Amino acid sequence: MQTLCGLTHPIRVKYLLSLAIGAAFLFLPIRSDAQTTQDPAASGPVTVAQKWQFFVQETFTPFTIIASAATGGESQATNADPKYGVGSIALVKRFGAATVDNVTQNFFSDFVMASVLHEDNKYRRRGEQHGFWSRVGYALSRAVVTRTDTGASTVNWSNFAGTALSVGLSNAYYPTRSRNLNATAINWGTSAAGVGFGNLAPEFLPDFKRWLKRHHL
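No experiment lies behind these values; they were computed from the predicted model shown.

1. Quick word on the overall build of the chain
Looking only at helices and strands, the chain features nine helices and five strands. Secondary structure elements of the chain occur, N-terminal to C-terminal, as α-α-β-α-α-α-β-β-α-β-β-α-α-α. Going through the 217 residues of the chain one by one, you find that 49% of them count as buried. Residue pairs at least 24 apart in sequence account for 75% of intrachain contacts in the chain once pairs closer than 6 positions are excluded.

In structure tokens, the structure reads:
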């Protein structure tokens, strides 16, 4: 699943979310299909092979490039973590770091830890039969609550643990001044929460498509 990786202050989540949602609406029909299933009661235990396929389909899409560019550009504009400095070389480094962040968080959360903990992280839309704020709350809550392979509700430990592994790995390529405990903790918190914000795109993308169709756009 895609995240708002590399953030260093909770206020920045809202800023980058608007960019990510807008990009998702325009570029992500394939990712939406990969990340989402409409039927919340879809049956059958999820296999490790299916989790690997899910990781590949949700990660290797244009959204990864778009999200990484948005994260790197915002970090460059505010000179925030990871603190690579200023200039074109720093921007390239930020883009590269954000891309690796996105890929590793998906890998550790949605494949490795989901397989180890027997969790199914594929997002299941609540759908148009529910109210707007109910759907928003549901999408955000999936950062904390997910399903087991057999369909029961459980704490989304794979998100928490997988994000921790991803953030820990990021300290291998982040600059030294962005490896302190405070920056690492904030990166983990905003990245884990970003999973919920990222769910807003697949939740509302079908609505947006229908709106475009109704207006012949």
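2. Considerations on the pattern of salt bridges
Inspection of the entire model under this criterion finds eight salt bridges. The partner of Glu203 in a salt bridge is Arg135, and the shortest N-O contact between them spans 2.7 Å. Of this pair, Glu203 sits in helix H9 (residues 200–214) while Arg135 sits in helix H6 (residues 132–141), and the two are 68 residues apart along the sequence. For the pair shown, Glu203 and Arg135 are each scored as buried. Asp207 is paired through a salt bridge with Arg210; the nearest N and O atoms lie 3.9 Å apart. Residue Asp207 and its partner Arg210 are both found in helix H9; the two are separated by three residues, about one turn of the helix.

3. Regarding the sheet that holds strand S4 (residues 145–148)
Read from one edge to the other, the open sheet built from three strands follows the order S2-S4-S5, with strand pairing classed as antiparallel. The sheet terminates laterally at strand S2 (119–120) and strand S5 (153–155), the two strands that pair on one side only. Looking at chain direction, S2 and S4 are connected through two bridges and run antiparallel. For Asp120, the partnering residue across the bridge sits in S4 and is Arg147.

4. Concerning a nonpolar patch on the surface
On the surface, Val116, Leu117, Val155 and Trp157 cluster together into a nonpolar patch covering about 360 Å² of accessible area. Topologically, Trp157 is positioned in helix H7 (residues 157–170). The class of Trp157 is partly exposed, set by a relative accessible area of 49%.

5. So, helix H4 (residues 62–78)
Here H4 contains 17 residues, and its C-alpha end-to-end distance of 25 Å stays within 8% of the 24 Å for a straight helix at 1.5 Å per residue. When we look at burial in H4, the residues that qualify are Phe63, Thr64, Ala67, Ser68, Ala70, Thr71, Gly72, Glu74, Ser75 and Gln76. One or two steps after H4, the chain reaches Asn79, where phi turns positive at roughly 55 degrees.

6. Digging into the packing of aromatic side chains
By the definition in use, this model includes 13 aromatic pairs. With 5.5 Å between their ring centres and 65 degrees between their planes, Phe55 and Phe107 make a pair best called edge-to-face. Taken together, the positions of Phe55 in helix H3 (residues 48–59) and Phe107 in helix H5 (residues 88–116) put the pair 52 residues apart, joining distant regions of the chain. Phe107 sits in the partly exposed class, given a relative accessible area of 28%. Considering the side-chain rings of Phe160 and Trp188, the 6.1 Å spacing of their centres and the 50 degrees angle between planes classify their relative orientation as tilted. One end of the pair, Phe160, is in helix H7; the other, Trp188, is in helix H8 (residues 181–198), and 28 residues separate them in sequence. An aromatic cluster of at least three residues, connected via ring pairs, comprises Trp52, Phe55, Phe60, Phe107, Phe108 and Phe111.

7. With respect to unusual backbone geometry
In the segment running from Asp81 into Pro82, the intervening peptide bond is cis, with an omega of -5 degrees. Along the chain, the position of Pro82 falls in the loop between H4 and H5. The phi dihedral of Asn79 falls on the positive side, at around 55 degrees, and the residue is not glycine. Mapping Asn79 onto the fold places it in the loop between H4 and H5. Owing to a relative accessible area of 34%, Asn79 belongs among the partly exposed residues under this scheme.

Conventions we followed
- Residues numbered from 1 in each chain as written.
- Predicted model: local features only at pLDDT ≥ 70, side-chain atom pairs only at ≥ 80, totals over all residues.
- Heavy atoms only, no water.
- Helix = DSSP H or I, 4+ residues; strand = E, 2+ residues; numbered from the N terminus.
- Buried < 20%, exposed > 50% of the residue type's maximum accessible area, 1.4 Å probe, protein only.
- Contact = heavy atoms within 4.5 Å.
- Salt bridge = Lys/Arg side-chain N within 4 Å of Asp/Glu carboxyl O.
- Pairing = 2+ DSSP bridges.
- Patch = residues over 30% accessible without salt bridge, like charges linked within 9 Å, V, L, I, M, F, W, Y side chains within 5 Å.
- Areas by Shrake-Rupley, 256 points an atom, 1.4 Å probe, with all protein chains shown as cover.
- Expected span 1.5 Å × (residues − 1).
- Phe/Tyr/Trp six-rings, centres within 6.5 Å; stacked < 30°, edge-to-face > 60°.

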